[in-house]
Amino acid sequence: MPQAQGRIPRMLGGFMEWVDARFPATETFQYHASEYYAPKNHNFLYLMGWLATIVLVNQLLTGIWLTMSYIPSSDGAFASVEYIMRDVEYGWLLRYLHSTGASAFFIIVYLHMFRGLLYGSYRKPRELLWLIGMVIYLALMAEGFFGYLLPWGNMSYWGAQVIVSLVGAIPYAGPGLMEWLRGDFLMSGITLTRFFALHVVALPLVLVMLVFVHFVALHHVGSTAPDGVDIKKFKDQKGKPLDGVAFWPYTVTHDIHATVVFLFLFCAVVFFAPEMGGYFLEKPNFEMANPLKTPDHIAPVWYYTPFYAMLRAVTYPLFGVPAKFWGFVVMVAAIAIPAMLPWLDRSPVASMRSKGMLSKAMLAIFIVSFLILGYLGTVAPSAATTALAQVCTVLYFAYFLLMPWYTRVEKTKPVPDRVTVP
Ligand code: HEM
């Protein structure tokens, strides 16, 4: 690792030398920022990681402030959210920053993962970076689920009831697991307080640690280029990649510009459409949880609905085990199968720009079926929507399960030696 050199103004030299002798400050800054190079032809999809970091900070800060006024009990929860919205100074803003942040997080992370499918970001040597990402995705889904119950609204209550009861469908261990998760025989204040502890303490700690590990893995293997070029191949006399730009100050400056655009969009939603027509904050959730009254139609928040639609698409029992269990299996498999991508993709090239028509067509079908499933998960089930959900579920899995075949047989284009700047 290079000695203490760099751009830090001479005037701080003495102080920095004192620090560096006791803590690798300059070395770490150089390794992760001023000497860390990313391809110079990154497009807007490569901004999602940075924006995900911004939203993570937003969720942590607004979450801490909301916790100062929130009461984690079945008697006090709903009223305390009302109190935050009406009486706490700028409480409504904190709440909307947090609820909009949750949806923004998933929009950004889905685009971040889509970028991975498009440019093969899961391929060697980034398999572990992708797997860490998948664990982050699972932790985010759990964090969203536990947080969803906290307002103790009627949709929160019944939505959590549906998901928790799925665990109950697991043969033999199910009922015990369900009771353990609920902490009671029914969804109650005990369930609420344990979900509170998981949402406010356990999962944020896990997420922050995972994101730190994600950065370390990323800076060890480096970012991909959209055209699949490895920028480490061509370096100048000083060992700097010819097709790369240093993270500090270039990428950071570039990302600040994108952050401003993002914050404009984010604030537009927070101030003018925080419910987003019921997709970000559902109407039934403005009513307190009522164990005696189910909402007309129980549906989770939009970022879970593709998987919820797949769960409901399984309507046949198998081997004497009810359809509910097989639906649960399909749902879990659908969430987990992207983790297998590094081993399913057998193409000689990484980027969709060099891959053949089969890969392009399968990815397009995959995205369309995922979006259709997303919509189907928000509407009440009917024979027609169930049939469509079954077709889309098959197409969703076909993208992964047929990948070893179509990525091997299709004709690909050669990868350019140097990056192509648009
Ligand atoms: C809290 C959530 C997350 C944060 C803060 C985060 C942060 C980042 C950042 C800053 C980058 C570099 C810039 C970029 O390429 O966008 C990155 C790259 C990457 N992330 Fe994430 N990430 C998150 C979730 C995920 C998830 C869920 C996955 C996959 C399932 C993932 C997989 C990757 C991969 C494979 C790369 C390298 C991409 C490439 O160079 O092609 N990340 N991440």
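To be clear, the structure that these remarks concern was listed above.
This text gives an overview of the structure that appears in the document. Position numbers for residues count from 1 along each chain, tracking the sequence in the order it is written. Residues qualify for local features only when their pLDDT is at least 70, as the model is predicted, and side-chain atom pairs are given and counted only at 80 or more; totals for whole chains, interfaces and linings, by contrast, use all residues. By convention in this description, side-chain values take in all heavy atoms of the structure and omit both hydrogens and water.

## So, the coordination of the iron atom of the ligand
- Donor atoms are limited to N, O and S found within 2.8 Å of the metal ion, a distance that becomes 3.2 Å for Na, K and Ca. With water left out, some sites might look partial. For the iron atom of the ligand, every protein donor is listed as His112 (NE2) and His214 (NE2), and the spread of their distances is 2.0 to 2.1 Å.
- Just to be clear on the cut-offs, tetrahedral is four donors with all angles between 85 and 135 degrees, square planar is four donors and octahedral six with opposite donors over 155 degrees apart and all others between 65 and 115, and anything else goes down as irregular. Seen from the iron atom of the ligand, its six donor atoms lie at angles of 86 to 178°, and the figure they make is octahedral. Taken as a pair, His112 in helix H5 (residues 91-119) and His214 in helix H9 (residues 189-221) lie far apart in primary sequence, 102 residues in all.
- Buried residues are those whose accessible area, probed at 1.4 Å on protein chains only, stays under 20% of the maximum for their type, while exposed residues exceed 50% and partly exposed ones sit between those limits. Given the relative accessible area of 17%, His214 is considered buried. Where helices and strands are cited, they refer to DSSP runs of H or I of at least four residues and of E of at least two residues respectively, numbered from the N terminus.

## Let's talk about unusual backbone geometry
- Along the chain, Lys124 connects to Pro125 via a cis peptide bond; the corresponding omega equals 5°.
- You can see Pro125 is positioned in the loop between H5 and helix H6 (127-149).
- With an omega of 5°, the peptide bond between Trp248 and Pro249 qualifies as cis.
- Within the element layout of this structure, Pro249 appears in helix H10 (residues 247-272).

## Structural notes on the site of the ligand
- Neighbouring residues of the ligand: 23 residues in total, closest His112, Arg115, Ser121, His214 and Thr224.
- Measuring from an oxygen atom of the ligand, one finds a backbone N or O atom of Gly49 at 3.1 Å.
- For the shell around the ligand, the secondary structure elements donating two or more residues are helix H3 (48-67), H5, H6 and H9.
- Ranked by the residues each element gives to the shell around the ligand, the list is headed by H6, at six residues.
- Across the shell around the ligand, the residue classes break down as 14 nonpolar, eight polar and one charged. A cutoff of 4 Å decides nearness: a residue is near a molecule or strand if any of its heavy atoms lies inside that distance of it. The definition of a polar contact used here is a pair of N or O atoms within 3.5 Å, where within protein one atom must be able to donate a hydrogen and the other to accept one, and adjacent residues in sequence count solely through side-chain atom pairs. Amino acid classes used here: Ala, Val, Leu, Ile, Met, Phe, Trp, Tyr, Cys and Pro are nonpolar; Asp, Glu, Lys and Arg are charged; the rest, including Gly, are polar.

## With respect to the packing of aromatic side chains
- What counts as a ring pair is set by centres within 6.5 Å for rings of Phe, Tyr and Trp (its six-membered ring), and what kind of pair is set by the plane angle: stacked under 30 degrees, edge-to-face over 60, tilted for all other angles. Within this structure, the stated rule accounts for 32 aromatic pairs.
- Any Lys NZ or Arg CZ found within 6 Å of a ring centre and within 35 degrees of that ring's normal is scored as a charge over the ring. Looking at Arg115, its charged tip hangs above the ring of Tyr46, at a distance of 4.8 Å from the centre.

## Looking at the nonpolar core
- For our purposes a nonpolar core is just a set of buried Ala, Val, Leu, Ile, Met, Phe, Trp, Tyr and Cys residues, chained together by side-chain atoms within 4.5 Å. Tyr110, Tyr137, Phe307, Tyr396 and Tyr399 are the most contacted members of the largest nonpolar core, which totals 103 residues.
- For this core, the leading source of residues is H5, giving 14 residues.
- Contacts: residue pairs with any heavy atoms within 4.5 Å of one another. Once residues within four sequence positions are removed from consideration, Tyr110 is found in contact with Tyr137, Met141, Trp302, Tyr303, Phe307 and Phe370.
- Tyr37, Val229, Ile231 and Ala246 belong to the second largest nonpolar core, which has six residues in total.

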